[in-house]
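Chain residues, written in single-letter form:
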Amino acid sequence: MKRDFLESLGLEASIIDKIMKENGKDIEGAKSKYADYDDVKSQLEAANATLEKFKDYDQTKAEVEKYKADLKKSQEESAAKIAAMERLAKVSEFLADKKFVNRITQEEIKKRLADALADAKNEGKNLDDIFAELTKDEKNILEDAEKPTPPVVPKMGGGKTPKDDADEDARIDAIMGLTPKGKE
């Protein structure tokens, strides 16, 4: 998310700062899940370099097979992590315009959608269908745009002092034509 986009919407700087801060937390949270990506990649490169060192196949056949297995495992793990990152990005983009009742609900739905995308039984389904399936019997997932906003009740008492109350009582007595208290 870019600051220029939010500014073009006419939002105040303080609101933009809060949005950018939350967006930064989301990004860092997503990055932390895949922090070992570079480590896995370097292991893969090291395995490839080691394979190149072995010229004499007869002497090192067992080691080569071991490194091939490690390489294959590393490639599979890397592919799985990349696929998970891509699914999460796809789900995040899909949910970007949805207004959830709270952040916990949003994160749980995001997780469930990403898991559902990875499930073979959902192959061929689009995110709209999967989202509808996940939320069909659930209430209070998304904010209701039609729901009226409750009125704001002003603070009771209005911050008056006892002297203000006495002045108000005297004014009411005068309007009603009564004798002020204490002068009876």
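Notes on the structure follow. No experiment lies behind these values; they were computed from the predicted model shown.

**Section: the overall build of the chain**
Within the chain, the secondary structure is distributed over seven helices and zero strands. Starting at the N terminus, the α and β elements of the chain follow one another as α-α-α-α-α-α-α. Across the 184 residues that make up the chain, the buried fraction comes to 18%. Taking as baseline every contact in the chain between residues at least 6 positions apart, the subset at least 24 positions apart corresponds to 45%.

**Considering the nonpolar core**
In this structure, Val-91, Phe-94, Leu-95, Phe-100, Ile-109, Leu-113 and Phe-131 are the most contacted members of the largest nonpolar core, which totals 15 residues. Top contributing element to this core by residue count: helix α4 (residues 57-95), with five residues. Setting aside its immediate chain neighbours within four residues, Leu-113 contacts Val-91, Phe-94, Leu-95, Leu-127, Ile-130, Phe-131 and Leu-134.

**Considerations on the packing of helix α5 (residues 103-118) against helix α6 (residues 127-135)**
Following both chains from N to C, one finds α5 and α6 inclined at 125 degrees, their axes separated by 10 Å at the closest point. Considering their axes alone, α5 and α6 lie oblique with respect to each other. In terms of crossing hand, the pair formed by α5 and α6 is right-handed. For the pair formed by α5 and α6, the contact residues are Ile-109, Arg-112, Leu-113, Ala-116 and Leu-117 on the first element and Leu-127, Ile-130, Phe-131, Leu-134 and Thr-135 on the second. Looking at the contact of α5 with α6 residue by residue, the class counts come to eight nonpolar, one polar and one charged.

**Some remarks on the side chain of Asn-122**
Along the chain, the position of Asn-122 falls in the loop between α5 and α6. A relative accessible area of 6% places Asn-122 in the buried class. Within the structure, Asn-122 has its side chain in polar contact with the backbone oxygen of Ala-116 (distance 2.9 Å).

**Section: the packing of aromatic side chains**
Tallied over the full model, the rule gives one aromatic pair. Centre to centre, the rings of Phe-94 and Phe-131 are 5.8 Å apart; their planes meet at 65 degrees, and the pair counts as edge-to-face. Placement of the pair is Phe-94 in helix α4 and Phe-131 in helix α6, with a sequence separation of 37 residues. According to the relative accessible area criterion, Phe-131 is buried, its value standing at 9%. Over the face of the ring belonging to Tyr-67 we find Lys-66, whose NZ or CZ atom lies 4.8 Å from the ring centre. Above the plane of the ring of Phe-131 lies Lys-98, whose end atom (NZ or CZ) is 5.4 Å from the centre.

**With respect to the pattern of salt bridges**
Side chains that carry opposite charge are capable of pairing whenever their charged atoms lie near each other. Inspection of the entire model under this criterion finds nine salt bridges. Glu-108 is paired through a salt bridge with Arg-112; the nearest N and O atoms lie 3.0 Å apart. Residue Glu-108 and its partner Arg-112 are both found in helix α5; the two are separated by four residues, about one turn of the helix. Within the structure, one salt-bridge network assembled from shared partners comprises Glu-22, Lys-25, Asp-26 and Arg-103.

**Considering α6**
Here α6 has its buried residues at Leu-127, Ile-130, Phe-131 and Thr-135. Within α6, the buried residues cover an arc of 120 degrees as seen down the axis, which keeps them to one side.

**Let's talk about a nonpolar patch on the surface**
Together, Phe-5, Leu-9, Leu-11 and Ile-15 make up a nonpolar patch on the protein surface, roughly 360 Å² of accessible area in all. Tracing the sequence through the fold places Phe-5 in helix α1 (residues 3-8).

**Things to note about the environment of Leu-127**
Summarising the element assignment, Leu-127 is placed in helix α6. Overall, Leu-127 belongs to the buried group, its relative accessible area being 8%. It is 7.9 Å that separates the C-alpha atoms of Leu-127 and Leu-117, two residues lying 10 residues apart in sequence. Setting aside its immediate chain neighbours within four residues, Leu-127 contacts Lys-90, Val-91, Phe-94, Leu-113 and Leu-117.

What counts, and at which threshold
Residue numbering note: each chain is counted from 1, following its sequence as written. Restriction of local features to residues with pLDDT of at least 70 applies here, the model being predicted, together with a cutoff of 80 or more for giving and counting side-chain atom pairs; totals for whole chains, interfaces and linings are based on all residues. As a rule here, side-chain values cover all heavy atoms of the structure and leave hydrogens and water aside. The way it works is that DSSP assigns letters per residue, a run of H or I at least four long becomes a helix, a run of E at least two long becomes a strand, and they are numbered from the N terminus. Accessible area is worked out with a 1.4 Å probe on protein chains only. A residue is then buried under 20% of its type maximum, exposed over 50%, and partly exposed in between. Should any heavy atoms of two residues lie within 4.5 Å, those residues are considered in contact. Residues grouped as a nonpolar core are buried Ala, Val, Leu, Ile, Met, Phe, Trp, Tyr and Cys residues, joined through side-chain atoms within 4.5 Å. Angles run from 0 to 180 degrees between N-to-C directions of axes, and those axes are lines fitted to C-alpha atoms, restricted for helices to the stretch in contact. Here the word oblique covers every angle except those under 35 degrees (roughly parallel), over 145 (roughly antiparallel) and from 65 to 115 (roughly perpendicular). The handedness criterion is simple: a crossing whose near helix is rotated anticlockwise from the far helix by less than a right angle is left-handed, and one whose near helix is rotated clockwise is right-handed. Gly is put with the polar residues, along with every residue not named as nonpolar or charged; the nonpolar set is Ala, Val, Leu, Ile, Met, Phe, Trp, Tyr, Cys and Pro, and the charged set is Asp, Glu, Lys and Arg. Think of a polar contact as two N or O atoms within 3.5 Å of one another; within protein, one of them needs to be a possible hydrogen donor and the other a possible acceptor, and neighboring residues in sequence only count if both atoms come from side chains. In this scheme Phe, Tyr and Trp rings, the latter by its six-membered ring, pair at centre separations within 6.5 Å, and the angle between planes marks the pair as stacked below 30 degrees, edge-to-face above 60, and tilted otherwise. Two thresholds decide whether a charge sits over a ring: the Lys NZ or Arg CZ must be within 6 Å of the ring centre and within 35 degrees of the ring normal. A pair is scored as a salt bridge if a Lys or Arg side-chain nitrogen falls within 4 Å of a carboxyl oxygen belonging to Asp or Glu. The arc in question is the one traced by the directions running from the helix axis out to the C-beta atoms. Residues form patches when they are more than 30% accessible in relative terms and have no salt bridge. Like charges link within 9 Å. Nonpolar side chains (Val, Leu, Ile, Met, Phe, Trp, Tyr) link within 5 Å. For the area figures, the Shrake-Rupley method with a 1.4 Å probe applies, and any residue is considered shielded solely by the protein chains shown.

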